[in-house]
Amino acid sequence: MCRRACWASPRMMLRCPFSKNGTSVSATCTCTAACCCQSRLMFDGATALMLMPESTSAAHSPLLPRQSSLPSHQSSLPSHESSLPSHQPSLPSRQTSLPEPPAELPPGFSHATCQVLRSMCAWSGGLDTEASIGAAYLALISGAKHYIYIENQFFISSLIAGPDTGPVNTISQALFKRICKAIDRQQRFRVLVFVPISPEGDFVNDMVVRFTMSRQFNTVCRGPQSLLGALEAKYPGVDLRDYVAFCSLRNAGTIDGKLLTDMIYVHSKIMIVDDMHLIVGSANINDRSMQGDRDSEIAAILSDEAFVDSSMNGKPYKAGRVAQSLRMNLWAEHFGGSPSDYRDPTSPATWCPMMHTAGMNTVIYERVFPNIPSDHVQSMRYDVDIRAAAPGEHNYLLACRRGHAVFYPLRFLAAGGFDVSMLDWTPYFVKDIAH
């Protein structure tokens with residue numbers, strides 16, 4: 001029995017996070033454990049049935065190499081048997097009442113290779129530190145050929161990791177290098193990131209929330225070590241909007257006759273690459289989730305084995321059935337329209353209308369609700385330099401919205417408002433919250 005990356009008996013029932021509209025997938029689980037437990041997963045949009053393990057000589061190779069591929073600061077993956085406590089209770093016998101898999105996949109099912117990943121360490125799991133989720137993110141980003149799509153609750157990372165740089169994880173650095181490669185080679189390449197407009201909590205009165213926001217702005221756009229700041233410095237004549245965009249989600253409605261708005265809080269942790277690979281799990285993009293020695297997390301990396309005829313940058317392309325279906329449905333939800341409108345993720349015919357939609361929605365919300373977090377609110381004094389819409393225009397403007405996407409407010413509180421001096425006496429607490 002594998003007690004490492006999939007830590008499951010060969011038969012178990014799982015919730016399926018991959019299917020949004022009935023698309024199903026049969027997957028191979030290739031865990032990072034030395035014992036190389038390989039099992040088949042069948043996803044039907046509701047549950048996943050892990051079937052009896054295949055031979056270790058199965059043709060489906062692991063998505064991530066074994067121990068030797070981990071970063072240098074993680075010398076090896078733990079030996080799962082030796083690291084288990086001596087008082088480990090005996091495990092229950094395997095269930096035998098689950099149905100056998102069909103000889104052939106039913107219509108609508110698909111094949112994919114799936115590998116279970118973790119962030120875990122001695123205090124959280126009785127094992128040596130494992131950070132295979134972070135390793136998977138870095139591997140997919142560096143190997144991306146066409147696009148990277150990310151949804152995450154946080155985006156706190158470092159361009160130059162070191163003891164004095166704050167965050168240690170280098171997801172931002174990996175994105176920077178891949179975008180630079182595309183610009184240098186004049187390749188069409190897209191990076192789209194969705195994050196919440198602000199962390200959960202009261203950013204007006206809660207200094208911890210504002211501190212977390214400041215770390216995220218420092219990662220994304222403020223200062224020479226931010227992702228956008230470094231790209232702008234290196235490529236002053238390049239329109240970075242052709243390569244990378246940060247967005248959020250917002251909605252509006254009427255309660256008791258009063259028009260209100262609020263952000264749609266992005267709580268998912270998803271990355272889709274090239275309509276071929278995806279990671280779904282519990283890990284945020286911050287040190288708490290990615291480094292392995294803090295919060296315990298679990299994720300699955302999936303690579304399609306069944307493909308559909310599609311296009312990429314206007315050219316014929318074999319897209320993975322599961323990865324493409326999930327991405328198209330998410331983009332249709334965020335930007336409006338039909339999933340088929342987003343078949344080609346890198347073509348200007350897709351990218352430009354998406355950016356126009358996000359920009360138009362942003363302007364509408366700022367006109368109707370001028371005091372929401374936006375590029376026009378650059379200090380806590382709420383000195384808003386924007387013409388608010390007259391009450392009679394509100395319904396008309398809101399009817400012009402499409403989807404829920406807005407641009408992430410890169411200049412919000414840029415003139416001040418992130419004073420964190422009150423937190424200097426609790427550096428460990430701040431680190432635990434913000435990273």
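About the cut-offs
- Sequence positions are assigned chain by chain, starting from 1 and proceeding in written order.
- Local features are withheld for residues below a pLDDT of 70 in this predicted model, meaning they are given only at 70 or higher, and side-chain atom pairs are given and counted only at 80 or more; totals for whole chains, interfaces and linings count all residues.
- Note that water and hydrogens are dropped before the side-chain values are worked out from all heavy atoms of the structure.
- A run of DSSP states H or I qualifies as a helix once it reaches four residues; a run of E qualifies as a strand once it reaches two. Both are numbered from the N-terminal end.
- Whether a residue is buried, partly exposed or exposed follows from its accessible area with a 1.4 Å probe, protein chains only, as a fraction of its type maximum: under 20%, in between, or over 50%, in that order.
- Note on areas: these come from Shrake-Rupley sampling with a 1.4 Å probe, and a residue is covered only by the protein chains present in the view.
- Here, the term nonpolar core denotes a set of buried Ala, Val, Leu, Ile, Met, Phe, Trp, Tyr and Cys residues that are joined through side-chain atoms within 4.5 Å.
- Throughout, a residue-residue contact means that at least one pair of heavy atoms, one from each residue, lies within 4.5 Å.
- Working definition: a ring pair exists when centres of Phe, Tyr or Trp rings (six-membered ring for Trp) sit within 6.5 Å. Plane angles under 30 degrees give stacked, over 60 give edge-to-face, the rest tilted.
- Every helix has an expected span of 1.5 Å times one less than the residues it contains.
- A pairing counts as a salt bridge when a side-chain nitrogen of Lys or Arg comes within 4 Å of a carboxyl oxygen of Asp or Glu.
- Any two strands are treated as partners once DSSP identifies two or more bridges connecting them.
- Note: pLDDT gives the predictor's confidence per residue, expressed from 0 to 100.
- Where helices are involved, their axes are fitted lines through C-alpha atoms of the stretch in contact, as for all axes, and angles between N-to-C directions lie from 0 to 180°.
- Should an angle fall under 35 degrees it is taken as roughly parallel, and over 145 as roughly antiparallel, whereas 65 to 115 is taken as roughly perpendicular and any remaining angle as oblique.
- Left-handed is the label given to a crossing in which the near helix is rotated counterclockwise from the far helix by less than a right angle, and right-handed is the label when the rotation is clockwise.
- Basically, the charged four are Asp, Glu, Lys and Arg, the nonpolar ten are Ala, Val, Leu, Ile, Met, Phe, Trp, Tyr, Cys and Pro, and anything else, Gly included, counts as polar.

1. Observations concerning the overall build of the protein
Working step 1: Across its full length, the protein carries 11 helices and 16 strands.
Working step 2: Sorting the 435 residues of the protein into buried and exposed places 52% on the buried side.
Working step 3: When the accessible surface of the protein is totalled, it reaches about 19,500 Å², and 54% of it is carbon and sulfur.

2. Some points on the nonpolar core
Working step 1: Core analysis: the largest hydrophobic core is formed by 50 residues, its most contacted members being Ile148, Leu175, Leu231, Phe246 and Met271.
Working step 2: In terms of residue count, the dominant contributor to this core is helix α4 (residues 171-184) (eight residues).
Working step 3: For Leu175, the contacting residues outside a window of four places in its chain are Ile141, Ile148, Ile150, Phe155, Val191 and Leu227.
Working step 4: Counting 31 residues, the second largest nonpolar core, distinct from the first, contains Leu192, Val266, Ala319 and Met354.

3. Describing the packing of aromatic side chains
Working step 1: By the definition in use, this model includes nine aromatic pairs.
Working step 2: Taking the centre distance of 6.3 Å and the plane angle of 90 degrees together, the rings of Trp331 and Tyr342 count as edge-to-face. One end of the pair, Trp331, is in helix α8 (residues 321-335); the other, Tyr342, is in the loop between α8 and α9 (348-368), with 11 residues separating them in the sequence. In this pair, the class of Trp331 matches that of Tyr342, namely buried.
Working step 3: Put simply, the rings of Tyr147, Tyr149, Phe194, Trp331, Phe335 and Tyr342 pair up and form one aromatic cluster.

4. Looking at α4
Working step 1: Over its 14 residues, α4 extends 20 Å from the first C-alpha to the last, a length consistent with the 20 Å expected when each residue adds 1.5 Å.
Working step 2: Of all 14 residues that make up α4, 10 are buried, and the element is covered over most of its length.
Working step 3: The set of residues buried in α4 consists of Ile171, Ser172, Ala174, Leu175, Phe176, Arg178, Ile179, Cys180, Ala182 and Ile183.
Working step 4: Looking at the residues trailing α4, positive phi occurs at Gln186, about 55 degrees.

5. Points about the pattern of salt bridges
Working step 1: Enumeration according to the criterion identifies eight salt bridges in this entry.
Working step 2: Here Asp295 and Arg288 are joined by a salt bridge, their closest N and O atoms 3.1 Å apart.
Working step 3: Judged by its relative accessible area of 23%, Asp295 is partly exposed.
Working step 4: Look at Arg288 and you get partly exposed, because its relative accessible area is 21%.

6. Structural notes on the pairing of strand β7 (residues 147-151)
Working step 1: The element β7 is largely enclosed, with a buried count of five among its five residues.
Working step 2: Covered by surrounding structure in β7 are Tyr147, Tyr149 and Glu151 together with Ile148 and Ile150, the residues of both alternating faces.
Working step 3: Across five bridges, β7 lies against strand β8 (residues 190-194) in parallel orientation. If you follow Glu151 over to β8, its bridge partner there is Phe194.

7. Remarks on unusual backbone geometry
Working step 1: Phi is positive for Asn313, which is not a glycine, with a value near 55 degrees.
Working step 2: Within the element layout of this structure, Asn313 appears in the loop between β14 (307-312) and β15 (315-320).
Working step 3: A relative accessible area of 27% places Asn313 in the partly exposed class.
Working step 4: One non-glycine residue, Leu413, adopts positive backbone phi at about 60 degrees.
Working step 5: By secondary structure assignment, the location of Leu413 is in the loop between β16 (405-407) and α11 (427-434).
Working step 6: The class for Leu413 is buried, based on a relative accessible area of 2%.

8. Quick notes on the confidence of the model for the protein
Working step 1: Chain-level pLDDT for the protein is 77 on average; 69% of the residues reach the 70-or-more range.
Working step 2: Counting interchain partners and residues more than four positions distant, the pLDDT-below-50 stretch residues 1-62 has 192 contacts.
Working step 3: Note that residues 66-92 has pLDDT below 50 and, in this model, 32 contacts with residues that lie over four places away or in other chains.

9. Quick notes on the packing of α4 against helix α6 (residues 227-234)
Packed helices, taken two at a time, are described by their axes: the angle between them and the distance between them.
Working step 1: The contact between α4 and α6 brings their axes to 10 Å, and the two run at 30 degrees. Classified by the angle their axes make, α4 and α6 are roughly parallel. Pair α4 / α6 crosses with right-handed handedness. Here Ser172, Leu175, Phe176, Ile179 and Cys180 of α4 come into contact with α6, specifically with Leu227, Ala230, Leu231 and Lys234.
Working step 2: Grouping the constituent residues of the contact of α4 with α6 by class yields seven nonpolar, one polar and one charged.

10. Comments concerning the environment of Leu249
Working step 1: You can see Leu249 is positioned in strand β9 (residues 244-255).
Working step 2: Remark: the alpha-carbon pair of Leu249 and Phe335, spanning 86 residues in sequence, is separated by 9.6 Å.
Working step 3: For Leu249, the contacting residues outside a window of four places in its chain are Phe194, Ile197, Met263, Ile264, Val266, His334, His404, Ala405 and Val406.

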